[in-house]
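This is what each chain is made of:
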Amino acid sequence: MSDPASNEAKAAPRAAPDPQRWPDVARPPRPARIRTAVAERLVRRALGRLPLRVRTSDGEVLGRGGPLLELHDTDAFFARIGRSGLIGFGESYMAGEWDAPDLVGVLTVLAGHVGDLVPRRLQRMRALWVRRRPARQRNTEGHSRENIHHHYDLSNDLFALFLDDTMSYSSALFRGFPAAWPDLAAAQHRKIDRLLDLAEVGPGTRLLEIGTGWGELALRAADRGAHVVTATLSEEQLNLARERVRAAGHQDRVTLLLRDYRQLTGSYDALVSVEMIEAVGAEFWPAYFKTLDRLLAPGGRAALQAITMPHERMLATRHTYTWIQKYIFPGGFLPSVEAVAQTAGDATALRLARHDSFGPHYAETLRLWRERFTERAPEAEVLGFDATFARMWDFYLAYSEAGFRSGYLDVRQLLLTRPDDHAEPEREESA
């Protein structure tokens, strides 16, 4: 009897990458027999220990049982991993060389075992086989705008396909699980309100937002009576946010700037930033926190929402060039809570007073986005985003959801204050 899951995977359409737009996906990797042989041996050994079921293109089955990963082109799969490691793993998916009926399930297993996929003795030689980030992705003032443009200026219409009416592109905060699509807008407002409460934003507050998004937080703060200055490097986001501010009648309360955070001036009672520190880059974290310190008035509070990773994994991967950095967020790098506390403490008078964790809520947010994008994928094609882009975006959303479901990633709201501002002692809570 045939395996229904296997049939489903085999029935998935193969991508036909455009070699001009997707050169490293359309072009098979150059022969590297030794690297490919080593990669195949290591990957086969790792897969054999995992709760997965991996079916090769010649019918061999690996793994201890679990979500199915179906290899359509086993030779190409191992060749890509041998040449480019985890970047090759993602590119192989984009090329249609493997599929999974439960993509999140497969990636969650892999994320949960990321620390032991490679033998520890080989992990010590990581620098010899992982790729380094290109210099062009350093988040200097010039490169930061290019990095932001790569992702956030894709198309407002594209993001509108899978985001809710608030156009919030960050973790929501739900009342319970499982979440449903009609819950998402209210959950996004709940997240925003919690962050504004953490920063004590109210009538008359002079508020600075670093990273405008499409303007929902600025609008929510203006509804409270705050005077908001919000800055972004995305022209697409700025244009739509300006329209939304005008439609809400908040032109007198919201000032929108196309400006790097390092160029901001003024003095503010409160500062908020939602999932923007991930685009700063570790080498620029001191400059980022010095900017917050410089812009906050005495008694001011900085409330940040940040995706975080365990400190040990952050240290191990800080020089690694990843699939996410190549295709989704150039220059991106996730901090740990310890890195935030240490960098802020070393560079400024700011101290981490509180950090609240709600990672499972991001997994649900991403699930809803991915389901919505899948439903509306034909509309993305009409906008000019081809089948390879659709597979890339699907992999990105599934990869991210798996990170939160496995606990490899977390999301937190963090409060930074100065000791002489009567900050509460540092504590952690989970939603």
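Residues numbered from 1 in each chain as written. Predicted model: local features only at pLDDT ≥ 70, side-chain atom pairs only at ≥ 80, totals over all residues. Heavy atoms only, no water.

1. Concerning the pairing of strand β6 (residues 227–232)
- With respect to burial, β6 is a largely interior element, five of its six residues being buried.
- Since strand β5 (residues 206–210) and β6 lie parallel, the crossover through helix α12 (residues 216–223) that links them has a hand, and here it is right-handed.
- Examined bridge by bridge, β6 and strand β7 (residues 254–258) share five bridges and lie parallel to one another. Its bridge partner lying in β7, V229 is registered against T255.
- In terms of handedness, the path from β6 via helix α13 (residues 235–248) over to β7 forms a crossover that is right-handed. (Buried < 20%, exposed > 50% of the residue type's maximum accessible area, 1.4 Å probe, protein only. Helix = DSSP H or I, 4+ residues; strand = E, 2+ residues; numbered from the N terminus. Right-handed = clockwise from strand over helix to strand, strands pointing away. Pairing = 2+ DSSP bridges.)

2. Quick word on the environment of V411
- Along the polypeptide, V411 turns up in strand β11 (residues 410–417).
- Look at V411 and you get buried, because its relative accessible area is 0%.
- Separated by 55 residues in sequence, V411 and D356 have C-alpha atoms that sit 8.3 Å apart.
- If we ignore the near neighbours within four places in the chain, the residues touching V411 are S171, E275, Q305, A306, I307, D356, S357, F358, G359, Y362 and F404. (Contact = heavy atoms within 4.5 Å.)

3. Some thoughts on the pattern of salt bridges
- Tallying each qualifying case throughout the model produces 27 salt bridges.
- The residue D24 makes a salt bridge to K326 at a minimum N-O spacing of 2.7 Å. Of the two residues, D24 is situated in helix α2 (residues 23–26) and K326 in helix α16 (residues 323–327); the sequence distance between them amounts to 302 residues.
- Here K326 falls in the buried class, since its relative accessible area comes to 16%.
- One salt-bridge network, in which partners are shared between bridges, spans E364, R367, E371, E401 and R405. (Salt bridge = Lys/Arg side-chain N within 4 Å of Asp/Glu carboxyl O.)

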